[in-house]
Amino acid sequence: EQAPAGAPDEAPLKLEEFLPYRLNVLASLVSQALSRIYVERYSLGVPEWRVLVTLGQFGVMTGKAIGSHSHMHKTKVSRAVAELEKRKLIGRRANRADLRESFLSLTPAGRTIYEELAPGALDFARRLSEVVSPADRPAFERAMERLTERSRALADEVARMGADSE
């Protein structure tokens, strides 16, 4: 096959320099490394881990609230909840004010796993972030917050544009 015309240095868009791609690669590598901790020991997938940790943090939540907090689609949350329920790691009770939703919480077995995996997850996060010097951490945190805010705003803007064109 013939290489595309023009030198690679002249390409207007270079994948390896494209910020959204770089952030995606970083997130993917971090997720893969971290998931080894909870997949091997607890047989939890990423969605199950997120639901378990969210309930460990907040105690009681609806599936919709878990999805909102963890940035997961409702289908993923629903499947993760079903799997965790099947394994008796979470329980549900009906919301009498709205019977379409349930309040979810960790069972004692789920709470035990949360308490066991928390130190390893925190150690992983510490080891990951220690490459950023203490002097640079405030700027790094600000950059992360600003990128998150801007990404949210751009996603909302694109969603509005899509709704306008329908």
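Treat the numbers as computed from the prediction; the structure is a model and nothing was measured. (Residues numbered from 1 in each chain as written. Predicted model: local features only at pLDDT ≥ 70, side-chain atom pairs only at ≥ 80, totals over all residues. Heavy atoms only, no water.)

> Go over the pairing of strand β3 (residues 102–106) with me, naming the residues and quoting the values.
Taking every second residue as pointing to the same face, the buried face of β3 carries S102, L104 and L106, while none of F103 and S105 on the other face is buried. Of the strand pairs in this sheet, strand β1 (residues 60–61) and β3 are connected by two bridges, and their pairing is antiparallel. Paired with V60 across the two strands is S105, which belongs to β3. Pairing of strand β2 (residues 90–94) with β3, which is carried by five bridges, proceeds in the antiparallel orientation. Looking across to β3, one finds that G91 is bridged to S105. (Buried < 20%, exposed > 50% of the residue type's maximum accessible area, 1.4 Å probe, protein only. Helix = DSSP H or I, 4+ residues; strand = E, 2+ residues; numbered from the N terminus. Pairing = 2+ DSSP bridges.)

> Can you break down the side chain of S102 residue by residue, with the values?
Looking at the secondary structure, you find S102 in strand β3. A polar contact is formed between the side chain of S102 and the side chain of R92, at a distance of 3.4 Å. Apart from residues lying up to four places away in sequence, S102 is in contact with M61, T62, G63, R92, R93, A94 and N95. (Polar contact = N/O pair within 3.5 Å; in protein donor to acceptor, adjacent residues only side chain to side chain. Contact = heavy atoms within 4.5 Å.)

> Go over the pattern of salt bridges with me, naming the residues and quoting the values.
Per the counting criterion, the structure on display carries five salt bridges. The salt bridge involving R92 is made with E85; its shortest N-O contact spans 2.9 Å. A relative accessible area of 27% means that E85 is categorised as partly exposed. In this structure, the salt-bridge partner of R126 is D123, at a minimum N-O distance of 2.6 Å. Of the two residues, R126 and D123 are both situated in helix α5 (residues 108–129); the distance of three residues between them amounts to about one turn of the helix. What emerges from the salt-bridge pattern is a single network uniting D123, R126 and E130. (Salt bridge = Lys/Arg side-chain N within 4 Å of Asp/Glu carboxyl O.)

> Which residues make up the sheet that holds β1, and what values do they have?
Taken in spatial order, the three strands line up as β1-β3-β2 in an open sheet, and their pairing is antiparallel. Of all the strands in the sheet, just β1 and β2 have a single pairing partner and so form its edges. Strand contacts of helix α2 (residues 46–58): β1, β2 and β3, with the helix running at about 90° to β3, the strand carrying the most contacts. Helix-sheet contacts for helix α4 (residues 74–86) involve β2 and β3, and the interaxial angle to β2 is about 110°. (Axes fitted to C-alpha atoms, helices over the stretch in contact; angles between N-to-C directions.)

> Can you break down the packing of aromatic side chains residue by residue, with the values?
Inspection of every chain in the model, using the stated rule, returns one aromatic pair. Look at Y38 and W49: their rings are 4.7 Å apart centre to centre, the planes differ by 15°, and that puts the pair in the stacked class. Separated by 11 residues along the polypeptide, Y38 in helix α1 (residues 19–42) and W49 in helix α2 bring together distant segments of the chain. Here Y38 falls in the buried class, since its relative accessible area comes to 2%. (Phe/Tyr/Trp six-rings, centres within 6.5 Å; stacked < 30°, edge-to-face > 60°.)

> Could you give an account of the side chain of E48, naming the residues involved and the relevant values?
Along the polypeptide, E48 turns up in helix α2. Buried charge E48 goes without a salt bridge, the closest partner of opposite sign being R87 at 7.0 Å. Residues in contact with E48, not counting those within four places in the same chain, are A80, E83 and L84. (Lys, Arg positive; Asp, Glu negative; His and termini not counted.)

> How would you summarise the nonpolar core if you had to cite specific residues and measurements?
Judged by nonpolar contacts, the single largest core of 24 residues is most densely connected at L44, V51, L52 and L55. Those elements giving two or more residues to this core turn out to be α1, α2, α4, β3 and α5. Ranked by the residues each element gives to this core, the list is headed by α5, at five residues. Not counting the four nearest positions on each side in its chain, L44 is found in contact with Y38, V39, W49, L52, L84, R87, L89, I113 and L117. (Core = buried A, V, L, I, M, F, W, Y, C linked by side-chain atoms within 4.5 Å.)

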